[in-house]
Amino acid sequence: PDGAPALVPAGESISKIPAGYLEFYSNNRSKALSRYQLTQQWRKDEKIYSIHCRPHTWFPKLKEAYEHFIHGFTPDGMPVIYEAPGRMKLKNLFRSGCSVKDMIN
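Reference entry: report on the structure contained in this document. (Residues numbered from 1 in each chain as written. Predicted model: local features only at pLDDT ≥ 70, side-chain atom pairs only at ≥ 80, totals over all residues. Heavy atoms only, no water.)

## Here we look at the overall build of the protein chain
Put simply, the rule is: Starting at the N terminus, helices and strands are each numbered in turn, a helix being any DSSP run of H or I of at least four residues and a strand any DSSP run of E of at least two. Residue exposure (1.4 Å probe, protein chains only): buried if accessible area is under 20% of the type maximum, exposed if over 50%, otherwise partly exposed. Shrake-Rupley sampling with a 1.4 Å probe provides the accessible areas, and residues are treated as covered by the protein chains on show and by no other component.
In terms of regular secondary structure, the protein chain is built from five helices and two strands. Starting at the N terminus and ending at the C terminus, the protein chain contains elements arranged as α-α-α-β-β-α-α. Taking all 105 residues of the protein chain together, 18% fall into the buried category. Approximately 8500 Å² of the protein chain is accessible, and the part contributed by carbon and sulfur atoms is 59%.

In structure tokens form, the structure reads like this:
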């Protein structure tokens, strides 16, 4: 509401360890907190809060090289995605200068 960037996903708080971290680290609060803090630093460093409004220069080439289709959703809300590995042209994409980091940023 104040216009400041949100460094955590909606519904989470910087001061509270999310349940998923605690579950993954078998309720070891120290490990869970350490990993959560690293994640928060990564989100800040990579400016994840603004990812939706930054241009993605590789997106058109990614769509061409990584053929996949979103079919719909399962009854419990998970997306159904079909991939066509035999038709992917990822080697060409990487040869043209795209890196894995470019693909996810």
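## Here we look at unusual backbone geometry
With a phi close to 60°, Asn27 is a non-glycine residue in the positive phi region. Residue position: Asn27 is located in the loop between α1 (19-24) and α2 (29-45). Here Asn27 falls in the exposed class, since its relative accessible area comes to 60%. At Lys47, a position not held by glycine, the phi torsion is positive, near 55°. By the secondary structure assignment, Lys47 is in the loop between α2 and α3 (59-65).

## Side note on the packing of aromatic side chains
Note the cut-off: Pairing of aromatic side chains requires ring centres within 6.5 Å, counting the rings of Phe and Tyr and the six-membered ring of Trp. Pairs whose planes differ by under 30 degrees are stacked, by over 60 edge-to-face, and all others tilted.
Within this structure, the stated rule accounts for two aromatic pairs. On the basis of an interplanar angle of 70° and a centroid distance of 5.1 Å, the ring pair of Tyr21 and Tyr36 is categorised as edge-to-face. Placement of Tyr21 in helix α1 and of Tyr36 in helix α2 is noted, with a sequence separation of 15 residues between them. Each member of the pair, Tyr21 as well as Tyr36, carries the same accessibility label: buried.

## Thoughts on the pattern of salt bridges
Heads up, the condition is: Put simply, a salt bridge is a Lys or Arg side-chain nitrogen that is within 4 Å of an Asp or Glu carboxyl oxygen.
Tallied over the full model, the rule gives two salt bridges. Taking the shortest distance from any N to any O, the salt bridge between Arg87 and Glu67 comes out at 2.8 Å. On the criterion of sequence distance, the pair formed by Arg87 in the loop between β2 (79-83) and α4 (90-95) and Glu67 in the loop between α3 and β1 (68-73) is long-range, its members being 20 residues apart.

## Here's the deal with the pairing of β1
Short version of the rule: For two strands to pair, DSSP has to find at least two bridges joining them.
For β1 and β2, the ladder comprises five bridges, and the chain directions are antiparallel. In the strand pairing of β2, His68 is matched with Glu83. Here β1 hands over to β2 after five residues, with Gly77 in that stretch at a positive phi of 90°.

## Observations concerning α2
In plain terms, the rule: Take the number of residues in a helix, subtract one, and multiply by 1.5 Å to get its expected span. An arc is given here, and it is the one of the directions from the helix axis to the C-beta atoms. Any two residues whose heavy atoms approach within 4.5 Å at even a single point are treated as in contact.
The end-to-end C-alpha distance of α2, which contains 17 residues, comes to 24 Å, matching closely the 24 Å that a straight helix rising 1.5 Å per residue would cover. Listing the buried residues of α2 in full gives Ala32, Tyr36, Gln40 and Arg43. Take α2 and look down its axis: the buried residues cluster within an arc of 70°, on one side only. The inward-facing, buried residues of α2 abut α1. The positive-phi residue at the C-terminal boundary of α2 is Lys47, with phi of around 55°.

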